[in-house]
Amino acid sequence: MSKQQPTQFINPETPGYVGFANLPNQVHRKSVKKGFEFTLMVVGESGLAKSTFINSLFLTDLYPERIIPGAAEKIERTVQIEASTVEIEERGVKLRLTVVDTPGYGDAINCRDCFKTIISYIDEQFERYLHDESGLNRRHIIDNRVHCCFYFISPFGHGLKPLDVAFMKAIHNKVNIVPVIAKADTLTLKERERLKRILDEIEEHNIKIYHLPDAESDEDEDFKEQTRLLKASIPFSVVGSNQLIEAKGKKVRGRLYPWGVVEGENPEHNDFLKLRTMLITHMQDLQEVTQDLHYENFRSERLKRGGRKVENEDMNKDQILLEKEAEKTLPDTKNTTFRMKNTFRMNSENYLFSTKLGNNV
Amino acid sequence: MSKGLPETRTDTAMSELVPEPRPKPAVPMKPVSINSNLLGYIGIDTIIEQMRKKTMKTGFDFNIMVVGQSGLGKSTLVNTLFKSQVSRKASSWNREEKIPKTVEIKAIGHVIEEGGVKMKLTVIDTPGFGDQINNENCWEPIEKYINEQYEKFLKEEVNIARKKRIPDTRVHCCLYFISPTGHSLRPLDLEFMKHLSKVVNIIPVIAKADTMTLEEKSEFKQRVRKELEVNGIEFYPQKEFDEDLEDKTENDKIRQESMPFAVVGSDKEYQVNGKRVLGRKTPWGIIEVENLNHCEFALLRDFVIRTHLQDLKEVTHNIHYETYRAKRLNDNGGLPPGEGLLGTVLPPVPATPCPTAE
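About the criteria used
- Residues numbered from 1 in each chain as written.
- Chains lettered and ligands numbered in written order.
- Predicted model: local features only at pLDDT ≥ 70, side-chain atom pairs only at ≥ 80, totals over all residues.
- Heavy atoms only, no water.
- UniProt positions renumbered as here; feature names shortened; annotations may be inferred.
- Helix = DSSP H or I, 4+ residues; strand = E, 2+ residues; numbered from the N terminus.
- Buried < 20%, exposed > 50% of the residue type's maximum accessible area, 1.4 Å probe, protein only.
- Contact = heavy atoms within 4.5 Å.
- Areas by Shrake-Rupley, 256 points an atom, 1.4 Å probe, with all protein chains shown as cover.
- Buried area = accessible area lost by both parts, 1.4 Å probe.
- Salt bridge = Lys/Arg side-chain N within 4 Å of Asp/Glu carboxyl O.
- Polar contact = N/O pair within 3.5 Å; in protein donor to acceptor, adjacent residues only side chain to side chain.
- Nonpolar A, V, L, I, M, F, W, Y, C, P; charged D, E, K, R; others polar.
- Expected span 1.5 Å × (residues − 1).
- Arc of directions from axis to C-beta.

- As recorded in an unreviewed UniProt entry, chain B goes by the name Septin, listed as coming from Sciurus vulgaris.
- Of the comments in the UniProt record for chain B, the one headed Sequence similarities (unreviewed entry) reads "Belongs to the TRAFAC class TrmE-Era-EngA-EngB-Septin-like GTPase superfamily. Septin GTPase family."

- Going by what an unreviewed UniProt entry lists, chain A is known as Septin and is assigned to Sciurus vulgaris.
- Comment text from UniProt for chain A, heading Sequence similarities (unreviewed entry), reads "Belongs to the TRAFAC class TrmE-Era-EngA-EngB-Septin-like GTPase superfamily. Septin GTPase family."
- Taken directly from UniProt, the Subunit (unreviewed entry) text for chain A runs: "Septins polymerize into heterooligomeric protein complexes that form filaments."

Laid out in structure tokens, this is it:
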């Protein structure tokens, strides 16, 4: 395995050089070959431009043949779960992305049962993974667990609606929540600033959203600055746009209005780029948190339960949180997607995507 | 000869009106008209001027209700419509101003004056509508309020000693705010309009229309119109109440092309091309509220205030109120509720004294 780089072993300058510092490169190559899996769930009321956003996020068309039902049909419908998978490749790195859509959420007059379907889907994925992990043949475990949930908040309200609060409270211990303010082109700058106070509301209700990890001290300044900027922009207010519009002599992705053009990828117009950067550079961290925190949570509860309910969930979570904190100080050796962070970071500036569409998993 | 006259006290005339959901009110027979050529100028047309003077002196009432989820810009729109701060906005981020648990009805009255004409405007707000997790029957408090106003008016009307001018608190117009999802109506919108289009004039309005591009807007409007039609929702101006051909063609045009109006509201002014205009300032341009290329606010304003204001009041009085009244009187077996009974014998009006005293 290490035959390919004989030169790196014999380094005349450092006599005590063994060469295991090479390990990350090997891991890197292996993981690149294996490819990555990521599952993203989008939740929000209809008409918040979720599908447009997803399409523009990954520069694909995930929903080519979409039929939007009328209001009378919506009365009868319950929340559905639709998963579509896309394989994206960039510079040799393969990403198998699954987007889980939840049409019907928030449509009904009585939304009490809205989130039951979604929660059972998340639990099902955890269950399946647990089952595979405990099985005899563990070579090809497919990870369909939901790594991240984009929760779309309507820009039309004055903040969080009761449904938003109830839903987030129900899933914040199962999945990483990233709150996103949809259709941000409705908002003037002042209104956008005001909506950032959603963070206060989230804190008030003790909802745990995904927190970006602070940049480590050995990272370069740019990265630290970027992380700081990203942290300050939560919740991200986005505009999804898939149409190419001619503006100021060049073609941009945007929305054309009689009073101007909203550019999807202009950081002054909205936080789309920031959200995309965050997602890409922290993909690995999101997976890690899902594995270490949410999945472990589920697992311990499940194994303990085996039939009866567990009362002191909270104690478990606190314990796990403490353990995770302790682990952070040690180098992360057990995770195979180590250092992929760097590759993704380098790629975040210019995107070349070539995609192959695959259908429902 | 006395057939059809309103003073007839036979119960049968009243009960015949009931069975259909919308009974036509009893109208007196049209007098036979003889066209006679005037031989000179009499001055009959001055009645219009007399009416105008009277209206200016007495002023008039107008009650407008706004219904829609919180944050759709209802208060801002009403302020923009009447160019004054008639509605207190809930956009101030007070901790105490949480979303109410049930639908509340808040009526705020103002007197505004323009060109010597006084209008007593009442804006009825409905905070809490559609904001809960469970919104079943959230239109009931609204329906109840509307019927209560009809009841109040009815009570005044059947009083023996009536006031010269009965205060009119009936809801003349209900602006229903549709959320600009771009897809279709929401189930709640349909349910609300189905229930309330029979008791009040509903004008559907697409809120915050600056979310949509021009194509999205026209597609959405078409879809909404079709959905309303398919579900049999009669919004104002209702087809069945068009009085003559002129009205019909005008209203048809509005119904089929302009409605529902896609509006943007704002109470802030900005400088555009040297003029001060009401608008919204965004990093990519200024959205002018009164510019027809940007949104249809001007159309809504003209429709509600400049052309159809009186008609809104008339339809409320002649159709919706009469429906309520007929139902109410019929429920009571022809007798109205409370004091002031129509069924009793009126005391004889003292006759003018004859020359020969009796």
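What follows continues from the structure just given.
**A closer look at the overall build of chain A**
Part 1: Scanning chain A from N- to C-terminus turns up 12 helices and 10 strands.
Part 2: By the burial criterion, 50% of the 361 residues in chain A qualify as buried.
Part 3: Considering only intrachain contacts with a sequence separation of at least 6, the fraction spanning at least 24 residues in chain A is 71%.
Part 4: Surface summary for chain A: the accessible area is close to 18,700 Å², and the carbon and sulfur share equals 52%.

**Focus: the interface of chain B and chain A**
Part 1: Each side of the interface is counted separately: chain B has 48 residues, and chain A has 52 residues.
Part 2: Across the chain B/chain A interface, buried area totals approximately 4,300 Å², and carbon plus sulfur atoms make up 58% of it.
Part 3: For the interface between chain B and chain A, the tally reads three salt bridges.
Part 4: Measuring nitrogen to oxygen at the nearest pair gives 2.9 Å for the salt bridge that ties Glu191 of chain A to Arg280 of chain B.
Part 5: Taken together, chain B and chain A are joined by nine residue pairs in polar contact (both at pLDDT 80 or more).
Part 6: Those elements that provide at least two residues to the side of chain B that touches chain A are α5 (187–196), α6 (214–230), β8 (275–282) and β9 (285–288) of chain B.
Part 7: Partitioning the side of chain B that touches chain A into residue classes produces 16 nonpolar, 18 polar and 14 charged.

**Looking at α6 of chain B**
Residue and element names in this part refer to chain B.
Part 1: An ideal rise of 1.5 Å per residue puts 24 Å on 17 residues; α6 measures up with 24 Å between its terminal C-alpha atoms.
Part 2: Every buried residue of α6 is listed here: Lys217, Phe220, Lys221, Val224, Arg225, Glu227 and Leu228. End-on, the buried residues of α6 take up no more than an arc of 165°, which puts them together on one face. Facing away from the buried side of α6 by more than 90 degrees, the exposed set consists of Gln222, Lys226, Glu229 and Val230.

**What about the pattern of salt bridges?**
All names here are of chain B.
Part 1: Counted under the stated rule, the structure contains 30 salt bridges over all chains.
Part 2: A salt bridge links Arg328 to Glu151; the shortest N-O distance between them is 2.7 Å. Linking Arg328 in helix α9 (residues 309–331) with Glu151 in helix α4 (residues 140–157), this pair joins segments that are 177 residues apart in sequence.
Part 3: Two residues, Arg301 and Glu290, come together in a salt bridge whose shortest N-O distance is 3.5 Å. Highlighted residues: Arg301 in helix α8 (residues 297–307) and Glu290 in the loop between β9 and α8, separated in sequence by 11 residues.
Part 4: The exposure class assigned to Arg301 is buried, which follows from its relative accessible area of 10%.
Part 5: Given the relative accessible area of 35%, Glu290 is considered partly exposed.
Part 6: Three or more residues joined by partner-sharing salt bridges are found here, namely Glu290, Arg301, Asp302 and Arg306.

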